[in-house]
Structures are given as C-alpha cells and as structure tokens.
Amino acid sequence: MEILDDGVGNAVVSSTDGQGLTGLRRRAEALGAELTVGRRSDQPGFRVRVEVPS
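Only a predicted model underlies this, so the values are computations on that prediction, with no experimental measurement involved.

### Let's talk about the overall build of the protein
Link 1 in the chain: A count of helices and strands for the protein gives one helix and three strands.
Link 2 in the chain: In the protein, the succession of α and β elements from N to C terminus is β-α-β-β.
Link 3 in the chain: Across the 54 residues of the protein, 15% fall into the buried class.
Link 4 in the chain: For the protein, restricting intrachain contacts to residue pairs at least 6 apart in sequence, the fraction spanning at least 24 positions comes to 41%.
Link 5 in the chain: As displayed, the protein has an accessible area near 4,600 Å², and 52% of this comes from carbon and sulfur atoms.

### Describing the sheet that holds strand β3 (residues 46-51)
Link 1 in the chain: On the basis of which strands lie adjacent, the open sheet formed by three strands has the order β1-β3-β2 and antiparallel pairing. In this open sheet, the two edge strands, each paired with only one partner strand, are β1 (2-5) and β2 (34-39). Recorded for the sheet is a direction-independent mean angle of 5° between the axes of neighbouring strands.
Link 2 in the chain: Sheet analysis places β1 next to β3, joined by four bridges and oriented antiparallel. Residue pairing in the sheet places leucine 4 in a bridge with arginine 47 of β3.
Link 3 in the chain: Relative to the sheet, helix α1 (residues 20-30) contacts β2 and β3, its axis offset from that of β2 by approximately 150°.

### Considerations on the pattern of salt bridges
Proximity of charged atoms lets side chains of opposite charge pair with each other.
Link 1 in the chain: Evaluated as defined, the whole model comprises five salt bridges.
Link 2 in the chain: Between glutamate 2 and arginine 49 there is a salt bridge; the shortest N-O distance is 3.2 Å. On the criterion of sequence distance, the pair formed by glutamate 2 in strand β1 and arginine 49 in strand β3 is long-range, its members being 47 residues apart.
Link 3 in the chain: According to the relative accessible area criterion, glutamate 2 is partly exposed, its value standing at 33%.
Link 4 in the chain: The class of arginine 49 is partly exposed, set by a relative accessible area of 32%.
Link 5 in the chain: Ionic contacts of the salt-bridge type, sharing partners, join the residues Glu2, Arg40, Asp42, Arg47, Arg49 and Glu51 into one network.

Here is what the cut-offs are and how they apply
Residues numbered from 1 in each chain as written. Predicted model: local features only at pLDDT ≥ 70, side-chain atom pairs only at ≥ 80, totals over all residues. Heavy atoms only, no water. Helix = DSSP H or I, 4+ residues; strand = E, 2+ residues; numbered from the N terminus. Buried < 20%, exposed > 50% of the residue type's maximum accessible area, 1.4 Å probe, protein only. Contact = heavy atoms within 4.5 Å. Areas by Shrake-Rupley, 256 points an atom, 1.4 Å probe, with all protein chains shown as cover. Pairing = 2+ DSSP bridges. Axes fitted to C-alpha atoms, helices over the stretch in contact; angles between N-to-C directions. Salt bridge = Lys/Arg side-chain N within 4 Å of Asp/Glu carboxyl O.

Have a look at this one:
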C-alpha cells in the first residue's frame with residue numbers, strides 16, 4: 001500500500017499523542033513487512049509505503 005501527499009496546503013502541527021511513524025514501523029515489522037517513508041522523488045510531497053510479503 002502506498003499513500004502519497006502532494007505537498008500542497010497548510011502544514012498542521014499534530015498533537016504529541018500517539019506513536020506516529022515509529023509505531024507504524026513497529027507494527028509493519030511485526031508482520032514481516034517493510035515500511036518506507038520520506039519525500040517524494042517525482043514531485044513535492046511525502047510518501048508512506050508498506051510492502052507486505054505474500
């Protein structure tokens with residue numbers, strides 16, 4: 001699964017509650033999946049990708 005942000009709009013500072021990407025990475029690894037996060041290479045924005053083995 002891949003989620004792409006186009007990088008357009010106002011940045012909103014979220015609450016410090018929760019575990020964010022750290023928690024997502026931990027849950028992905030528990031399933032044997034790979035989490036990739038970072039800036040998009042094709043245009044402004046951010047990418048979150050989880051690859052689960054079949």
